[in-house]
Structure formats: structure tokens, C-alpha cells
Amino acid sequence: MEEETHTDAKIRAENGTGSSPRGPGCSLRHFACEQNLLSRPDGSASFLQGDTSVLAGVYGPAEVKVSKEIFNKATLEVILRPKIGLPGVAEKSRERLIRNTCEAVVLGTLHPRTSITVVLQVVSDAGSLLACCLNAACMALVDAGVPMRALFCGVACALDSDGTLVLDPTSKQEKARAVLTFALDSVERKLLMSSTKGLYSDTELQQCLAAAQAASQHVFRFYRESLQRRYSKS
Amino acid sequence: MKETPLSNCERRFLLRAIEEKKRLDGRQTYDYRNIRISFGTDYGCCIVELGKTRVLGQVSCELVSPKLNRATEGILFFNLELSQMAAPAFEPGRQSDLLVKLNRLMERCLRNSKCIDTESLCVVAGEKVWQIRVDLHLLNHDGNIIDAASIAAIVALCHFRRPDVSVQGDEVTLYTPEERDPVPLSIHHMPICVSFAFFQQGTYLLVDPNEREERVMDGLLVIAMNKHREICTIQSSGGIMLLKDQVLRCSKIAGVKVAEITELILKALENDQKVRKEGGKFGFAESIANQRITAFKMEKAPIDTSDVEEKAEEIIAEAEPPSEVVSTPVLWTPGTAQIGEGVENSWGDLEDSEKEDDEGGGDQAIILDGIKMDTGVEVSDIGSQGGPKHWKNGADAPIILSDSEEEEMIILEPDKNPKKIRTQTTSAKQEKAPSKKPVKRRKKKRAAN
């Protein structure tokens, strides 16, 4: 739908200018999201974080194979396809993480013996891929109208060898000492999923989690404004 | 998911409309849908939209050894994938016919036509050549996959830049993109497929059928041509009988269409190159139309993390200390240890995985008892945790992990002759950390269920 709306898409963060005392890199990259861009899936969304881009398509609730049927709730399947080569173990592992996150928020009991399939395609990978996949999956589920108890978002952070925390790291920044990805829910910013790689202390874990919760405020505000724009003309 | 069947009245409606020279989307017989090409930030990545059909193409390269019978030529590899988001009917097991047909057509169109100069991909004859891999993913299926895929492939190949290599005598230097600008591939010509759908036994034809029209067509004729009016591939499927002048007419139409599409592609490539050179913004983020109500952008947002340290300290101060680690490793023989109890896998979908947690047979316990454990680790620790297994001999019984009915379990050791081992003792050489991991070999017999 081509519309002539000229809604100002620039959001200024709550604290305006000035980098935080923690480190120079505490900012989220440029976000963009487009919904309902594919005609066949029930819901679709393309989420861009800087140069990382993931396309998600959702089919559901739809018919489920008898072997995979669950009698009292919907069967959620997540499929992640890399851009180059065949999917391997890393993709399977990410699929599982995303599936666990989605199962925690999707109200599957409203649609028993059906299947909800989330298909993710990596369009470009420039850091924070798992976080971008989570965000794309959430927007696609919203676009498909799947009932959820909360929205969720993915935030990634990287810890440098000198302890500096960088949110939404790029591929270069991901070569740090540790990279932590969290999935947070929108109601109380609680932790739904965490996936970490590298060495860090428990203090640093809590610091990263607190920073991720602060960042998730912005992501949820982005979701809200994007949906407000979408439904502004009814 | 099963394909929704096309109702009879819809089929009749489409065929009647075609007889009256009308198409559902208002196009003329020879009209193509709108083609939109957008590029990503890395070289060789593009998305092509032919109407609503969307294909993502990515080209990548790697240095490999050449094929034995073609030692001076590079390797081209094409892979077209029908993603499950493209249509509900595309499931991993179900699309093999269509997939094979499309892949074969892509290969004939691009490889057999020699549009890429493979000789220029050779680095060291007989040892190292470039392998160019083109991955195409169908994202949305609204008909005419082959045309969209061929456009995506050729655009991605033209857009791609491979790392620069220099050969001086015996030394081969591979430069990173930062050291030297990557070089484009050498492409002779651009073959593009044009599809013609035939209806009513060849009486009516349509160019660029969409998904509904493809469902009711009798047959499909695909002609791959370049702008010099050279036919690269021609394929007729569906078993329709075509007259010679029909085929000639189609090839003339294809010539015109290919010229238009090639012009569009060159313009898109030129635009992208200009933007990159001028340092402007490029990539998929720029191709999201700003005016769409379904699209939204947010600029870079700084996050205030000044209170992060206080919050973290609070949480840690209130938290309980971590509990003791419960499971201790059990060392059966040097180099073979067991941690944990082996519970059912929770990955969910692996229907072929062997289930290993059924009750153990009695013979298993006897064999394991025969192993003298000379390690000082208490087995009863594991026993007291209460696994889901059966014990036959009280607190010292080992955990039984499989229902193997094999009488003999051989544990191979790094420094012993495997044939001598029956029921193994470990009193002889005990090493703390053997250099090689010995292999525990068990032939599994699945219980006939």
C-alpha cells in the first residue's frame, strides 16, 4: 500500500546527545521494519538492524501432520535458512532457541491441533544475527495475528577484553571476549532466553542483562510506533 | 501443508478470460509484471521482485582444487532453494520434481551457455581455482519462478566482486578487500529466461504467467536468450504440441523482452555502482520505501547504561550463592568417562534418532561389573542420584544406557590390542589422560518393536 503519510520516522532517544559513561559503543544501530511484504504467508516481516537483515514469514494456525499434532495446543515450528550453503548445526541450535522463546509467548492453547510455522531467511549478516531473527519473528507473528501474551525482542551485547560493553555489536565488534544475546518480554522486561558465547563473570552477566533491558525499551517503542503507523488509517 | 486445490469455477473463469484475451491483473498477452531489483550492502547480494514473486540471490567464492578433467577452469555451482515461506506447499520432502526441474534449467541456462569465463577463474593451474557459488532462495511464489531466478542469478553474478589474487612465480597472494579492491567476474553475456504458458492445447499463449495462470496452463515453454538474440536454452514441458511457427514467434517475443530486461538490469547495476562510489547510502535499508504505511525506520539510538553497574550489584547482593555442582564424572577405564545419566533428548523433531533410554538388559550389568574400576571415584554417588534406570545389584549398580542385546562390550584402549580385550580390566597401565580417545564400540541391535 503506497501512502502519502509523512510521519516523522526519526526518534530521539530519551537522553539525547552524549555517550554513556560505560563506553563509547552503547547505542543501537539504525532500525527498519517492513510488514506484510510477502503475499503468500499469513504474516511476514523484514527486520533490519544496521546492515543485518532477516526476513520472516509465518504460516498459521494451519493444518498439522498427525505425527506432530499436540492435543491441547498448537505445534510451533521454526525454520532458519542461512544465505549461503545448506543449513547446519548452528542453524538448528538457533531454531531451537527461537522456538523456545516463541513457545513461551504464543498462546498455543487457543489453537489446539494446529501448526504455526515461522520461517526465517537470513538476508544479510553483519552482527547480532540471533537478536535480529528474534525481532523479525516477533513482528511476523504480530502481522499474522497469532495470539501472544506479550511481545518479545532480542538484544545482543558484546564484552571487550577490558570489560567495555557494546550493545548491538557489528561483526567486527563480535570478535570480542564474550557475546551475549537475550530475549526479553515486553510486559515486565523479564528474560525469556539467553544465549552466550565466551568468558565473563557473573557481575558482567548482570550488567549486560541490565543494559539489554534498557535497550529493549527502545526496541519495544519502535514496535509500538511502527504498529501505530500501520493502523493509523483504518 | 497440502496445496489448496483450485476450484472448478475458478479454473473455468480463468480459461474463459484467457479466451477473451483478458488477464486477471489487467496485463496484455505479452506484458511482463513490474521488475524491481534491489542490492544489499555486500557484493553479490540482490533481491529481484517480479510482480509479487521474490527471489534472493547471493554469490560467494572460495579457492578449491579444480576438477581433474578440467584443471584450468574454475567451478560454477548453482543452488536454487524453494523456501518454505514461498508457498505453504513447499515442504522439505514434497517439492522435489519442481526443484529438480528448476535447478536443471538454471544450470543449462547459465553453465552450459558459458556466460561466465571459467578460464579467468583459474589461479594456479591444476591446484587452485575459484569456485563460484550462486545461492538463490525463492521467498514468495506468485508464478514464473524461473524468470525471476534467472534474473536474480545474472544480476548477482554481475554485481559480485571476488578478492584480487596475484601470482608471482610460485607465490600466490590473496588480497583482502581492505588491501586491494575486489575485481568483478568476467561475464560474456547475460542469458535471461522468458516463460510462455500455453492454454487450450496451444491455442492461446501468455507471457510471464502468474500463480493462478500457471495452475490452469497446459504447458510451459521456456526460452533463455541474451540480448544478442542468441538462444541459450529452450525447454518445452507439459506435453503440449507446438507448431514450428509458434516456437519461432515465441523466440521473437523473447528477443524483445530480453532486450528490455537487460536494459533494466544494466541501469540498476549502474545506479548501485554510482551510489557506492559517491559514498551514499546503499543496501536493503534504503530500498524500503519511506511512504509505505507498513514500513518504519528509526535512526541510531544511544542507550543510557549509566545505572547498569548499580543494578547489577543490587541483583548479585540479593541473590543466593550458587548451588554445588551435583554430577561427578565416573571413570570406567582410562579415557572413558561418564558424566550425568543420559536422559531423553529434548530436541523434539529428530524422528530418526535412536532412543537410548529404554530399560537395560540384565547382561549389560554383568559385563560392567566385570570391569574393575581402579580409580577411587565413588560409583555410589551416581547411584544415589536415582536415574531412570533399573539396578540389579544394589547401590553399586552402573547406569544402563541402552537396550543393546550384545553379549560383549569391547572398550578399545589406545595402547592395547583390541582383539585381546573381552571383559576388560584396567589394572595394567593406567594413564591419567590418554593421548588418544579410545573408541567404545557397540553394535546396536534394535529391538523389533
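Before any of the text, the structure's been laid out above.
In what follows, the accompanying structure is described. (Residues numbered from 1 in each chain as written. Chains lettered and ligands numbered in written order. Predicted model: local features only at pLDDT ≥ 70, side-chain atom pairs only at ≥ 80, totals over all residues. Heavy atoms only, no water.)

## Regarding the pattern of salt bridges
Right, so step 1: Counting across every chain of the model gives 32 salt bridges over all chains.
Right, so step 2: A salt bridge links Asp168 of chain A to Arg29 of chain A, with the shortest nitrogen-to-oxygen separation between them at 3.3 Å. Of the two residues, Asp168 of chain A is situated in the loop between β8 (165-167) and β9 (178-185) and Arg29 of chain A in the loop between β1 (27-28) and β2 (31-35); the sequence distance between them amounts to 139 residues. With respect to burial, Asp168 of chain A and Arg29 of chain A carry one shared label: buried.
Right, so step 3: Two residues, Arg94 of chain B and Glu91 of chain B, come together in a salt bridge whose shortest N-O distance is 3.7 Å.
Right, so step 4: By sharing partners, the salt bridges in this structure join Arg40 of chain A together with Glu3, Glu10, Glu211, Arg212 and Arg215 of chain B into a single network. (Salt bridge = Lys/Arg side-chain N within 4 Å of Asp/Glu carboxyl O. Helix = DSSP H or I, 4+ residues; strand = E, 2+ residues; numbered from the N terminus. Buried < 20%, exposed > 50% of the residue type's maximum accessible area, 1.4 Å probe, protein only.)

## Section: the pairing of strand β4 (residues 52-62) of chain A
All names here are of chain A.
Right, so step 1: Within β4, ten of the eleven residues are buried, which leaves the element mostly enclosed by the surrounding structure.
Right, so step 2: Bridging between strand β3 (residues 43-49) and β4 involves seven bridges; their strand directions are antiparallel. Considered in β4, the bridge of Ala45 is made with Ala56.
Right, so step 3: Between β3 and β4, which pair antiparallel and follow one another directly, the connecting turn spans two residues, one of which, Gly50, has a positive phi of 65°.
Right, so step 4: Two elements, β4 and strand β6 (residues 115-124), share eight bridges in a ladder whose sense is antiparallel. By the bridge assignment for β6, Val54 is matched with Val122. (Pairing = 2+ DSSP bridges.)

## Some thoughts on the nonpolar core
Note that soluble globular proteins tend to have their nonpolar side chains buried in a common cluster.
Right, so step 1: Ranked by size, the top nonpolar core spans 76 residues in total, and within it Ile37, Leu136, Ile151, Phe196 and Ile265 of chain B carry the most contacts.
Right, so step 2: The leading source of residues in this core is helix α3 (residues 145-159) of chain B, at twelve residues.
Right, so step 3: Residues contacting Ile265 of chain B, with those up to four places away along its chain left out, are Ile37, Ile151, Ile154, Val155, Met190 and Ile192 of chain B.
Right, so step 4: Of all hydrophobic cores here, the second largest spans 68 residues; its members include Ala137, Leu141, Ala144 and Ala210 of chain A. (Core = buried A, V, L, I, M, F, W, Y, C linked by side-chain atoms within 4.5 Å. Contact = heavy atoms within 4.5 Å.)

## Observations concerning the sheet that holds β4 of chain A
Right, so step 1: A sheet is described by the order of its strands in space; here six strands give the open sequence β5(A)-β6(A)-β4(A)-β3(A)-β2(A)-β15(B), paired in mixed fashion. In this open sheet, the two strands that pair with only one neighbour each are β5 (75-81) of chain A together with β15 (295-298) of chain B. Averaged over neighbouring strand pairs, the angle between their axes works out to 15° when direction is ignored.
Right, so step 2: Packed on one face of the sheet, helix α1 (residues 89-105) of chain A meets β5 and β6 of chain A and runs near 145° to β5 of chain A.
Right, so step 3: Sheet contacts for helix α2 (residues 129-144) of chain A: β2, β3, β4, β5 and β6 of chain A; angle to β3 of chain A, the most-contacted strand, approximately 150°. (Axes fitted to C-alpha atoms, helices over the stretch in contact; angles between N-to-C directions.)

## Some words on the environment of Arg108 of chain B
All names here are of chain B.
Right, so step 1: When you line up the elements, Arg108 lands in helix α2 (residues 96-110).
Right, so step 2: Under the relative-accessibility criterion, Arg108 is labelled partly exposed at 21%.
Right, so step 3: Separated by 50 residues in the primary sequence, Arg108 and Cys158 place their C-alpha atoms 18 Å from one another.
Right, so step 4: Apart from residues no more than four positions distant in its own chain, Arg108 is found in contact with Ser113, Thr233, Ile234 and Gln235.
Right, so step 5: Among the polar contacts made by the side chain of Arg108, one reaches the side chain of Gln235 at a distance of 2.8 Å. (Polar contact = N/O pair within 3.5 Å; in protein donor to acceptor, adjacent residues only side chain to side chain.)

## Comments concerning a negative patch on the surface
Right, so step 1: A cluster of acidic residues, Glu310, Glu313, Glu314 and Glu318 of chain B, forms a negative patch at the surface.
Right, so step 2: Mapped onto the elements, Glu313 of chain B comes out in helix α7 (residues 308-318). (Patch = residues over 30% accessible without salt bridge, like charges linked within 9 Å, V, L, I, M, F, W, Y side chains within 5 Å. Areas by Shrake-Rupley, 256 points an atom, 1.4 Å probe, with all protein chains shown as cover. Lys, Arg positive; Asp, Glu negative; His and termini not counted. Charge placed at Lys NZ, Arg CZ, Asp CG, Glu CD.)

## Observations concerning the packing of aromatic side chains
Residue and element names in this part refer to chain A.
Right, so step 1: In the structure shown here, the tally under the stated rule is six aromatic pairs over all chains.
Right, so step 2: Between Phe31 and Phe47, the aromatic rings sit 5.5 Å apart at their centres with planes inclined by 70°, giving edge-to-face as the arrangement. Within this pair, whereas Phe31 is found in strand β2, its partner Phe47 is found in strand β3, the two being separated by 16 residues in sequence. Assigned by exposure class, Phe31 and Phe47 land together as buried.
Right, so step 3: Ring geometry for Phe47 against Tyr223: centres 6.4 Å apart, planes inclined by 90°, an arrangement best described as edge-to-face. Taken together, the residues Phe47 in strand β3 and Tyr223 in helix α3 (residues 202-230) connect sequence positions 176 residues apart. (Phe/Tyr/Trp six-rings, centres within 6.5 Å; stacked < 30°, edge-to-face > 60°.)

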